[in-house]
Amino acid sequence: MSASHVKLPEKFWRFTIIITIQILVLAFGYGFLIAVAYFEYLAPSNSVCNLMVNHPGELTMVVTLIATVLSVTAATLFTFSVKEALRRRMWEPISLIHLSTGVALAQGSHILKSQFMGLTISTLFIFAMLRLLTAGWTTLLTPTYFMWPVQLNGSELDITGSAFATMLHKEFLANGLIQDSSFEILDVGAMLSGVVAAGYTFGLPGTFNFNGAKYNMSTQGIVPTIESFSGSDGVPNASGTRLGFSGGNVTVNTGIIPGSRASAHIPQGFSTNYSMSQQGLTANVSCRAIDSGQTQYLWNTNNSYVIYANAAAASNNSITGLRLWNISANCGNNILTSYEYVTMVDANGNTSSSGSGFLPSVVCLGPTDVNQSYENFSIFTQGFFKYGFLTASVCDVVPLLTRVIADYSNEQISSVVTSSTPFGPENVELLSFIAAVARFQSINSQGLTSSTIGDTLYSIYSSTTTGYVNNNLNNTQVYSELEDYWRGVVEFSATFLRSGFMATGSFPDNIIPNNLSSPVTGTMFVSTIGWTRWAKGSPTYALATVPLTIISMLTFACASYCMLEAWKEHQDRLEKLKEDKEHQDRLERLKEDKGDQEYAVPHRIHHRAHFDVSNTLHLIMACAAGSLVLEDFSKHGIMANELATVSLVESEPGIKPVIKKFMPGPEPAVVPSVFWYLRTLPRRISGAV
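The shown structure was predicted, so the numbers you read here are calculated from the model rather than taken from an experiment. (Residues numbered from 1 in each chain as written. Predicted model: local features only at pLDDT ≥ 70, side-chain atom pairs only at ≥ 80, totals over all residues. Heavy atoms only, no water.)

## Considerations on helix H6 (residues 162-175)
(1) Moving on: Along its 14 residues, H6 runs 20 Å from first to last C-alpha, staying within 8% of the 20 Å computed at 1.5 Å per residue.
(2) Moving on: Of the residues making up H6, those classed as buried are Phe 164, Ala 165, Met 167, Leu 168, Glu 171 and Phe 172. One side of H6 holds all its buried residues, which, seen down the axis, span an arc of 165°. Turned more than 90 degrees away from the buried face of H6 sit Ser 162, Lys 170, Leu 173 and Ala 174, all of them exposed.
(3) Moving on: Each element contacted by the buried residues of H6 is listed here: strand E3 (144-157), helix H8 (428-444) and helix H10 (475-502).
(4) Moving on: A positive backbone phi angle near 85° is found at Gly 176, which sits one or two residues after H6. (Helix = DSSP H or I, 4+ residues; strand = E, 2+ residues; numbered from the N terminus. Expected span 1.5 Å × (residues − 1). Buried < 20%, exposed > 50% of the residue type's maximum accessible area, 1.4 Å probe, protein only. Arc of directions from axis to C-beta. Contact = heavy atoms within 4.5 Å.)

See the structure below:
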């Protein structure tokens, strides 16, 4: 058989397979890590996510099992490579301390020798890396709960500009400020918004519902920009939009921003919430008592008279009498603004001071003195009878255009103001509408025997105060309630206005023109389970990658060393085959010259017998077969033995029995270690090539 037909040794391919498997394990770890780092967020399908959530124990078991298999695979490949590298290294002289170090590593263990700190630290480090493999894989593969952020953008109605002011003015001219179809919405909605806002400060429930959407405490003047939180899905009729809005679907124009990592599947998740930056509207409201010395405030409540009396009605619990009140206030430049109210009285024209209440209000749009501008309006008010705790007062209302962060979660919308600006000249029409809603509310809140505003103040104050409501009156608290009430009304008016103009059918094809739109940006947070990119500099990266990387590099080094030695052995075999062939040719010639005499052909191919350095029995057998003489077990003797050098010697091939034995080596001063071989491996490989 020619040398060209000799195959590579089996062990050469064995180490090639070891390196390939280790590369696959390392590639899986780093591939998974890079995928998470690139996409930032990874989550399985919704069905798998549900399984993970519903079976947490099984999830932990599966992840731990996978991590254990991967770590055991890497550790096994490492220890096998070290064992084979050490076996080949023993064909040359090696000190017993280096031999015991290699045996410890082949067994996945370590040594503790204070005289050899370098070897001790090295084995302890590698031992720690082996033990951290499972922890690293578990850290890398264990899914966690997280909020997947998805960027959103869109648009909504811009009520702050001159374009909207022009359109609103046309609506005023065509249909008036308050339309009949929206009467109930403004009447009840504004009242409830004020009640919720006033009560929330004092610990009362603070959820306000409007058009199917739930707001926390108040609307903050916003309209829902998320479809699932937009409320009603009804379609308004032709007259049910804009100022005639009476409920219905509000157009939402918000979508996901396509990104560079859009290929990452966004899961449905367990729950979804949103944080959106959008337009809002609120008001700074400041209420105070009118001082008798403040002559600029003229507040007249003395003009009233009985317009109906029926003494006989008392017997059948009918209305016995009605009083007409003409309430007026100075709204600037000595121009009086008057409202009329009707209350129920007895046949003598008197009102019950305990069972009835009267709380009139007058809204003044515009300056009440030279120091005010058309950026605000004032509300004059006073309580009588049951509401006598509220003296003649004035509330200055300063509406503000705001930018808010609206949080859409738990089926509720909460908003926080991030910036605000006062009204400008282009917002006069908007101010007129808000003041009109306040006027509408102040008039319609008063009934024949009570006032919604008065009852709100009375009930909230009485629920948070011990004793009779008029005793130990806390003016600060009363005015705080009144301020919150009117602020809630103002914010509701803006939400009503936005809803009406964004209702389905308000614009052609439900598309808001560019000059009437305002940008909306935000983030959708999807609650799911999966893997997220760790923060930069997180020690989790090191725990997950360093042990695997170090063990893989050591495995590559040991396996490459074994492949180099196997290649050398293969070359020796080829050389011996060549010599055998030449010897065979000589014998053939001798046979031709001397007849049929038989000549033996030596079989020189050397197959080394198996020897496992991690097997204690094999080591004992090798020691027993040799002529190795060591010192005793004294401290000096052990130190001398550790420095002694040995080499593994085999019997000649073909000789029975097969013997492997340790023979004494040269002086230990110049004996290289297995670590020296690993450090010089690249140079040795390049030299062999």
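The discussion continues.
## Some thoughts on the sheet that holds strand E8 (residues 299-309)
(1) Moving on: Taken in spatial order, the 3 strands make up an open sheet running E8-E9-E10, and their pairing is antiparallel. With partners counted over all chains shown, the strands left at the sheet margins are E8 and strand E10 (336-345), one partner each. Taking each pair of neighbouring strands and ignoring which way they run, the sheet shows an average axis angle of 20°.
(2) Moving on: As paired elements, strand E9 (residues 321-330) and E10 share 10 bridges and run antiparallel to each other. Residue Leu 322 lies in a different strand from E10, and its bridge partner there is Met 344. (Pairing = 2+ DSSP bridges. Axes fitted to C-alpha atoms, helices over the stretch in contact; angles between N-to-C directions.)

## Details of the state of the cysteines
(1) Moving on: Going through the model one piece at a time under the given rule, you end up with 1 disulfide.
(2) Moving on: The disulfide bridge from Cys 287 ends at Cys 395, spanning 1.9 Å between sulfur atoms. Torsion about the S-S bond of the Cys 287 and Cys 395 cystine: about 110°, corresponding to right-handed handedness. Of this pair, Cys 287 sits in strand E7 (residues 271-289) while Cys 395 sits in strand E15 (residues 393-409), and the two are 108 residues apart along the sequence.
(3) Moving on: Residue Cys 287 is classed as buried on the basis of its relative accessible area of 7%.
(4) Moving on: Look at Cys 395 and you get buried, because its relative accessible area is 0%.
(5) Moving on: Unpaired in this structure, Cys 558 has its nearest cysteine sulfur neighbour in Cys 562, at a distance of 6.8 Å.
(6) Moving on: Given the relative accessible area of 0%, Cys 562 is considered buried. (Disulfide = S-S within 2.5 Å.)

## Some points on the pairing of strand E12 (residues 361-365)
(1) Moving on: Within E12, 4 of the 5 residues are buried, leaving the element largely enclosed by the surrounding structure.
(2) Moving on: In this structure, E12 lies alongside strand E13 (residues 377-381), joined through 5 bridges in antiparallel fashion. Bridge pairing links Val 362 to Phe 380 in E13.

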